[in-house]
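Structural features, examined
One-letter residues, chain by chain:
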Amino acid sequence: LARADRYAYDDRPHYRLQALVVDLQHPQVRVVATPPDQAGGTVSQFADRLGVDVAWNTNFFGSPQDSCGLMMGEGQIWPRAYQDACHASVGFGDDGRAAVFVQPNPQGPPPEGWMRQVATGKPGPILVAGEPQFRYGCGAQCAYNPRTGLGLSQDRRTLYVVVVDGRQDGSVGAGLDDLANLMRDLGAWDAVNLDGGGSSTLYVRGEGGVQNRPSDGRERTVCCHMGLRVLPEPPPPVDAAAPPPPVDAAPPAPPPDAAPPPPDAAPPSDGAAPDRGSRPLDAGPRDATPAPRDAGPRRDAAPDAARPGDPVRPRGADAGGAASAGAGGARHDGGCAAAPAPPPPLFLLLAVGGIIRSRRGRRRT
């Protein structure tokens with residue numbers, strides 16, 4: 001929403017205006033017009049009845065139920081429309097499409113089947129392919145009055161809504177030549193002039209209501225209206241390939257009195273290398289011919305490297321038997337060597353990996 005307090009061409013009197021620029025391709029924006037059963041009322045009342053966030057007046061009218069030129073709201077054409085040089089129309093679809101067209105028949109239908117909201121002004125389009133259709137000195141049509149105009153960009157993806165105050169101190173109003181030039185300056189390619197005078201009203205709910213100063217000193221009851229409904233923001237898409245969120249429950253802890261399995265043999269007390277042929281008790285029968293004593297250590301492993309089935313030896317124990325055993329296998333080193341901590345179970349690592357993937361997925365969203 002843009003505002004200008006002093007705007008004019010050349011040395012002509014200044015006027016005050018409100019300009020709204022709308023991205024029609026935004027997925028949360030829908031254009032809404034008055035259906036026949038909601039005819040009449042002020043622009044603010046229309047906004048409250050239909051729950052729109054922005055609203056403005058549209059067609060000229062003879063009574064609140066009779067529109068000049070084609071009027072369509074929610075896909076319904078007004079049956080009591082009449083023709084009085086009102087044939088410059090703007091049509092909108094529910095999918096962001098829009099177009100300016102000329103429709104002499106006030107009963108329609110619009111030229112495109114996707115059009116569901118249509119408003120019409122007079123006399124004809126004031127801006128065509130970027131060229132103003134009215135010039136300074138064009139007579140009554142260039143008289144200074146309050147104005148309401150609609151325009152579309154060349155790619156028809158952007159809507160321009162302009163309301164000019166008039167007939168009051170500080171803002172005399174604009175002629176159709178002024179309105180056409182203003183639309184072009186904003187970025188419009190095609191534009192139409194809607195009902196003006198005391199009908200010109202722009203309402204923005206988020207800005208406190210009516211934004212301009214209607215020339216009657218209050219809002220006028222008009223036949224028909226148009227506005228924007230801002231839809232709620234859709235939830236983020238769910239990634240079907242993403243793993244389910246991890247359960248916060250921690251894995252069960254081992255019993256506090258659990259002890260590591262006992263070694264199958266005590267380390268030798270004479271400093272000799274342990275028997276490399278030893279195996280865990282549940283590994284099956286032993287080799288019938290153990291390796292000879294003088295065979296020396298295996299070449300494919302360090303002499304003191306631990307292998308499955310070897311007795312547990314504390315790091316740094318010397319050959320003199322700092323951890324030597326006596327009768328009955330009782331230890332005489334003055335204490336018990338702490339058992340190494342068991343590795344974390346596999347399912348815990350997978351769960352941690354799941355947490356990392358899930359968080360990365362949320363960041364990408």
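Notes on the structure in this doc start here. (Residues numbered from 1 in each chain as written. Predicted model: local features only at pLDDT ≥ 70, side-chain atom pairs only at ≥ 80, totals over all residues. Heavy atoms only, no water.)

1. Side note on the state of the cysteines
Two cysteines, two sulfur atoms, one covalent bond between them: this is a disulfide. All chains considered together, the criterion is met by 2 disulfides. At a sulfur-sulfur separation of 2.0 Å, the disulfide partner of C68 is C86. Across the disulfide from C68 to C86, rotation about the S-S bond amounts to roughly 100 degrees, and the bridge is consequently right-handed. In this pair, C68 is assigned in the loop between β6 (66–67) and β7 (72–73) and C86 in the loop between β8 (76–77) and β9 (88–92), connecting sequence segments 18 residues apart. With relative accessibility at 1%, the residue C68 sits in the buried group. Each sulfur in the disulfide pair C223 and C224 lies 2.2 Å from the other. Note on accessibility: C223 and C224 belong to one class, buried. (Disulfide = S-S within 2.5 Å. Helix = DSSP H or I, 4+ residues; strand = E, 2+ residues; numbered from the N terminus. Buried < 20%, exposed > 50% of the residue type's maximum accessible area, 1.4 Å probe, protein only.)

2. Concerning the sheet that holds strand β3 (residues 29–33)
Taken in spatial order, the 5 strands make up an open sheet running β3-β19-β4-β17-β18, and their pairing is antiparallel. Of all the strands in the sheet, the pair left with one neighbour each is β3 and β18 (209–210). Bridging between strand β4 (residues 54–57) and strand β17 (residues 202–204) involves 3 bridges; their strand directions are antiparallel. Among the inter-strand pairings, V54 is bridged to a residue of β17, identified as V204. Here helix α1 (residues 43–50) sits on the sheet in contact with β3, β4, β17, β18 and β19 (225–230), set at roughly 40 degrees to β19. (Pairing = 2+ DSSP bridges. Contact = heavy atoms within 4.5 Å. Axes fitted to C-alpha atoms, helices over the stretch in contact; angles between N-to-C directions.)

3. Some details on helix α2 (residues 176–186)
Among the 11 residues that make up α2, 8 are buried, leaving the element largely enclosed by the rest of the structure. Those residues of α2 not exposed but buried are L176, D177, D178, L179, A180, N181, L182 and M183. Looking one or two residues beyond α2, the residue adopting positive phi is G187, at roughly 130 degrees.

4. Comments concerning α1
Side chains that are three or four residues apart share a direction in an α-helix, a result of its 3.6 residues per turn. Taken together, the buried positions of α1 are occupied by V43, S44, F46, A47 and L50. Looking straight down α1, one finds its buried side chains confined to an arc of 160 degrees; they lie on one side. For α1, the secondary structure elements touched by its buried residues are β3, β4, β17, β18 and β19. Where α1 ends, the next residue or the one after it, G51, has phi of about 65 degrees, a positive value. (Arc of directions from axis to C-beta.)

5. Section: the packing of aromatic side chains
Following the criterion strictly, the structure yields 0 aromatic pairs and no others. If you follow K122 out to its NZ or CZ, it ends over the ring of F60, 5.3 Å from the centre. (Phe/Tyr/Trp six-rings, centres within 6.5 Å; stacked < 30°, edge-to-face > 60°. Lys NZ or Arg CZ within 6 Å of the ring centre and 35° of its normal.)

6. Re a nonpolar patch on the surface
Together, Y136, Y144 and V172 give the surface a local cluster of nonpolar side chains, amounting to about 300 Å² of exposed area. The residue Y136 is located in the loop between β13 (131–132) and β14 (147–152) in this model. Looking at Y136, the relative accessible area reads 62%, which means it is exposed. (Patch = residues over 30% accessible without salt bridge, like charges linked within 9 Å, V, L, I, M, F, W, Y side chains within 5 Å. Areas by Shrake-Rupley, 256 points an atom, 1.4 Å probe, with all protein chains shown as cover. Salt bridge = Lys/Arg side-chain N within 4 Å of Asp/Glu carboxyl O.)

7. Structural notes on empty space enclosed by the protein
A complete count under the given rule lists 3 cavities of 30 Å³ or more for this structure. Lining the second largest cavity we find L24, V29, R30, V31, G93, D94 and G96. Looking at the lining of the second largest cavity residue by residue, the classes come out as 3 nonpolar, 2 polar and 2 charged. (1 Å grid on protein atoms, 1.4 Å probe; cavity = no way out; pocket = protein on both sides within 12 Å on 5 of 7 lines; lining within 4 Å. Points joined across faces, edges and corners; volume = space filled by probe spheres on them. Nonpolar A, V, L, I, M, F, W, Y, C, P; charged D, E, K, R; others polar.)

Any link to function would need more than the numbers given here.
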